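Chain and residue survey
The lines below spell out each chain.
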Amino acid sequence: METSHPASKLSMENMIAAACADTGLSDFGDFDPREGMAHFLKDINENVLLNEGGRATMSAIVHRWLVNGLRFADDLKKHPEILDEQVDDPLIILGMTRVGSTKLQRLLAADPDTLSVKHWESLNPSRVPNAVAGEEDPRIAADREIIDAMIKNNLGLMQSHSVKVDDAEEDIFVQLPTFKTVGHCWVLPTPNYYDWVRSQSLESSYVFLKQMLQYLQWQKGGRPSANGDRRWILKTPPHIGNMDLLVEQFPNAKYIFMHRDVHEVIASTCRLIEMLFRTSMDVIDMHAVGAYVLRLWSTEMDRHLQQLDALGSQIDLLDVQYDDLRKDTFGVVRDVYKLMGRELTPAREQALRTWEETDTHGEFGSYSYSLEQYGLTPAQVDAAFAEYNRRYFQG
């Protein structure tokens, strides 16, 4: 693959120095990012041809991850009571990308007695020093600018995954300051970094996730609500393959495992990943995108199925088919509330129905995709997901 010009390489030392200068902080606490960051940037510098805007974008994204890591560590030192927050029983929505999990999460998060990572919190989970009590959090305005730029510069990405400031978002984003997640591999094509990640224990990344949720819950005023307590609704496709770590950190969690025809999943995911890569790259090898997506998702799914077998009765899980969610949304909702042991009261159901009636998903237009665009065939996909198909789509 083509490599970046030496002058344009992303420098870990310079980026860390900039983050420290910007925050006046230098201690990352228990989650020093340097090892993973070195592998991530090495793969980008050696194998990804970033355009000028892409270099600026990646510099800004990495800077944001570092700044949030520093501020998080600082707040933990100043407020050790953060780690007293109870977050051990979330509802965690699992599944590959493009399986309807975004709709289900955002629908369930409309229940006022739930907690979710909002889009503006996902990008900047750590508190900022210029916030003023009683006024809008500056992180919200920063997110509006990012979303406006996405609409202006990459409408295709918004077609694939539209977002608003207050939308419930994937919790993977608050793990990214660790530089040790499979989620990083969806930002840019980094297969060498992926191989390194899968040679490592990711336990620290999941400890970080739990502590970040405790931190966000603390910022939101704690767990209690007018109707008892608020339960987290989480969703992240890269949790596939990490079930053992989820169980360790969230021992009382409930799980939803969502399913969709793998031909549709892989083709639609390829289109999403293409749009993500186009944020930073001018030249996209469509067949390379297809091979990359197929390799990552099939490998992660095989890990996931093995872990499900090993965990067995340790997990309480509901399987949900994409078509069932589309055709009988509130039938699925009722099953989910039963799984959680929570009552779907009239007020809660009305909140969910109001969200569904006002949801503007698809406002940026339709789009098409196919396996063939990305150099894949149905037979290749079927072979890669043979065990998954056997379990969930063959009787």
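This text follows the structure it describes.
Only a predicted model underlies this, so the values are computations on that prediction, with no experimental measurement involved.

1. Quick notes on the overall build of the protein chain
Each helix and strand in the protein chain was counted, giving 18 helices and seven strands. For 395 residues, the compact-globule estimate of 2.2 N^0.38 gives 21 Å, and the C-alpha radius of gyration of the protein chain, at 20 Å, lies within 12% of that figure. Taken over the C-alpha atoms alone, the protein chain extends approximately 60 × 55 × 40 Å along its principal axes. Per-residue burial for the protein chain yields a buried fraction of 57% across its 395 residues. In the protein chain, the share of contacts with a sequence separation of at least 24, taken over all contacts with a separation of at least 6, comes to 81%. Of the roughly 16,700 Å² that the protein chain leaves accessible, carbon and sulfur atoms contribute 49%. Averaging the locations of the 40 positively and 59 negatively charged side chains of the protein chain gives two centres separated by 1 Å.

2. Regarding the sheet that holds strand β5 (residues 231-235)
Reading across the sheet, the five strands line up as β2-β5-β1-β6-β7 and stay open at both edges, with parallel pairing between neighbours. Edge positions in the open sheet fall to β2 (114-115) and β7 (316-321), since each of these has one partner strand only. Note: strand β6 (residues 254-259) against β7, six bridges, orientation parallel. Along β7, the bridge assignment pairs K254 with D316. Contacts from helix α4 (residues 101-108) reach β1 (91-94), β2, β5 and β6 within the one sheet, and its direction differs from that of β5 by about 165 degrees. Strands β1, β5, β6 and β7 of the sheet are contacted by helix α15 (residues 329-340), whose axis makes an angle of about 175 degrees with β7.

What counts, and at which threshold
- Note that residues are indexed from 1 along each chain, following the sequence as it is written.
- Reporting of local features is limited, given that this is a predicted model, to residues whose pLDDT is at least 70; pairs of side-chain atoms are given and counted only at 80 or more, and all residues count toward the totals for whole chains, interfaces and linings.
- As a rule here, side-chain values cover all heavy atoms of the structure and leave hydrogens and water aside.
- Starting at the N terminus, helices and strands are each numbered in turn, a helix being any DSSP run of H or I of at least four residues and a strand any DSSP run of E of at least two.
- Our radius of gyration is a C-alpha quantity, and the globule rule it is checked against amounts to 2.2 Å times the number of residues to the power 0.38.
- With a 1.4 Å probe rolled over the protein chains alone, any residue whose accessible area is under 20% of its type maximum counts as buried; one over 50% counts as exposed, and the rest are partly exposed.
- Should any heavy atoms of two residues lie within 4.5 Å, those residues are considered in contact.
- Throughout, the Shrake-Rupley method with a 1.4 Å probe supplies accessible areas, and for residues the shown protein chains are the sole cover considered.
- Residues counted as positive are Lys and Arg, residues counted as negative are Asp and Glu, and His and the chain ends are not counted.
- Charge positions come from single atoms, namely NZ of Lys, CZ of Arg, CG of Asp or CD of Glu.
- What makes two strands pair is DSSP finding at least two bridges between them.
- A fitted line through C-alpha atoms represents every axis, and for helices the fit uses only the stretch in contact; the resulting angles, taken between N-to-C directions, go from 0 to 180 degrees.

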